[in-house]
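Given next are the chains, with one letter for each unit.
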Amino acid sequence: MAVRDGQVVDLWWADLRSAEARLFAFLDDRELERLERMDRAGDRGRFALGAVLLRVAVAAATGVEPRSVTVERTCTDCGAPHGAPRVAGARVSVAHAGPLVLVGTADVAVGVDVESVDRGEDVARWVVREALFKAGAAPQAPVASLMVPAPWPRYLAALACAGPDQPVVVTHDLDESAAALEQLAAGRWP
Ligand SMILES: [Zn+2]
């Protein structure tokens, strides 16, 4: 599979049209607790969708069942469960903006970000900087970063990953994510 040569980053896009009550069954107790404290529907939808899409992306990358993916969010600064998500078997990053949720998976440190162009003057530079920050690369380590197309107009997205070369990006679009989430919700995960 020549196309998988080099560093590969898988990007999964979903939007709030896929956020539905059945997906809440795939969240763990800590995630449900956190959801309880959110009073805005958009926040709840984005968080739940991101948490389940993360399991779908990790399942696709590692071959485990989505339900078997344990997401660790203990903050490395304060110990509260609001840190960047970590899973066994892959490096991951999750971002939300407006209706959009983006999950990136790779074998190396990876960061993704998406923002509305309405957030400010220089959103393109902002998303790249945020992706680099989330990749957590040491200042001296080689890191690749690039803009990636977002599936809604007026949104900009970027990814960053460790390594000297530009990664091969495999994009799983809104339709593919919606189909995977539907299969999962319906109990028909392959
Ligand atoms: Zn903290």
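Above: the structure in question.
The following refers to the structure shown. What you are looking at is a predicted structure, and each value in this text was computed from that prediction instead of being measured. (Residues numbered from 1 in each chain as written. Predicted model: local features only at pLDDT ≥ 70, side-chain atom pairs only at ≥ 80, totals over all residues.)

## Here's the deal with the overall build of the protein chain
For clarity, the cut-off: Numbering of helices and strands starts at the N terminus; helices are DSSP runs of H or I of at least 4 residues and strands are runs of E of at least 2. Each radius of gyration is computed over the set of C-alpha atoms, and the globule rule expresses the reference value as 2.2 Å times the number of residues to the power 0.38. Remark: residues whose backbone-derived C-beta atoms lie within 7 Å of one another are considered to be in contact.
Helix and strand counts for the protein chain come out as 4 helices and 7 strands. When the elements of the protein chain are put in sequence order from the N terminus, they spell out β-α-α-β-β-β-α-β-β-β-α. For 190 residues, the compact-globule estimate of 2.2 N^0.38 gives 16 Å, and the protein chain sits close to it at 16 Å. Seen through its C-alpha atoms, the protein chain measures out along the principal axes to roughly 40 × 40 × 35 Å. Within the protein chain, counting contacts between residues at least 6 apart in sequence, those at least 24 apart form 60% of the total.

## Focus: the sheet that holds strand S2 (residues 91-97)
Formally: Whether two strands pair comes down to DSSP finding at least two bridges between them. Fitted lines through C-alpha atoms give the axes, limited to the stretch in contact for helices. The angle between two N-to-C directions lies from 0 to 180 degrees.
If you walk across this open sheet you meet the 4 strands as S2-S3-S1-S7, and the pairing is mixed. Each edge of the open sheet is held by one strand with a lone partner, namely S2 and strand S7 (168-172). Neighbouring strand axes in the sheet, compared pairwise and without regard to direction, differ in orientation by 20° on average. Where strand S1 (residues 8-15) and strand S3 (residues 100-106) come together, 6 bridges link them in antiparallel fashion. Each residue of the ladder has a partner; that of Asp 15, found in S3, is Leu 100.

## Observations regarding the environment of Ser 68
Its location among the elements puts Ser 68 in the loop between helix H2 (41-62) and S2. Each C-alpha atom, one on Ser 68 and one on Arg 55, is 8.4 Å from the other, the two residues being 13 residues apart in sequence.

## What to know about the packing of H2 against helix H4 (residues 174-185)
For any two helices packed against each other, the geometry comes down to the angle between their axes and how far apart the axes lie. Selection criterion: Angles below 35 degrees are treated as roughly parallel, those above 145 as roughly antiparallel, those between 65 and 115 as roughly perpendicular, and all remaining angles as oblique. Three categories are distinguished: nonpolar for Ala, Val, Leu, Ile, Met, Phe, Trp, Tyr, Cys and Pro, charged for Asp, Glu, Lys and Arg, and polar for the others, with Gly belonging to the last.
Direction vectors running N to C along H2 and H4 enclose 95°, while the axes themselves pass 10 Å from each other. Relative to H4, the element H2 is oriented roughly perpendicular. Here Val 52, Leu 53 and Val 56 of H2 lie close against H4, whose contacting residues are Ser 177, Ala 180, Leu 181 and Leu 184. Considering only residue class, the contact of H2 with H4 consists of 6 nonpolar, 1 polar and no charged.

## Quick notes on unusual backbone geometry
This is how the line gets drawn: Each residue is classed by its C-beta neighbour count within 10 Å, where at least 20 other C-beta atoms makes it buried, 12 or fewer makes it exposed, and intermediate counts make it partly exposed; the C-beta atoms are placed from backbone geometry.
Backbone geometry at Arg 154 places phi at a positive 70°, although glycine is not the residue there. Checked against the element boundaries, Arg 154 lands in the loop between strand S5 (143-148) and strand S6 (155-162). For Arg 154, a count of 10 C-beta atoms within 10 Å translates into the label exposed.

## Here's the deal with the nonpolar core
Keep this limit in mind: The nonpolar core criterion groups buried Ala, Val, Leu, Ile, Met, Phe, Trp, Tyr and Cys residues into a set whenever they are joined through C-beta atoms within 7 Å.
Residues Leu 53, Leu 102, Ala 157 and Leu 159 are the most contacted members of the largest nonpolar core, which totals 51 residues. At 11 residues, the largest contribution of residues to this core is made by H2. Discounting residues that sit within four places of it in the chain, Ala 157 has contacts with Leu 102, Val 112, Asp 113, Val 114, Val 127, Met 147, Val 148 and Ala 150.

Read these as layout, nothing more, since geometry by itself doesn't imply function.
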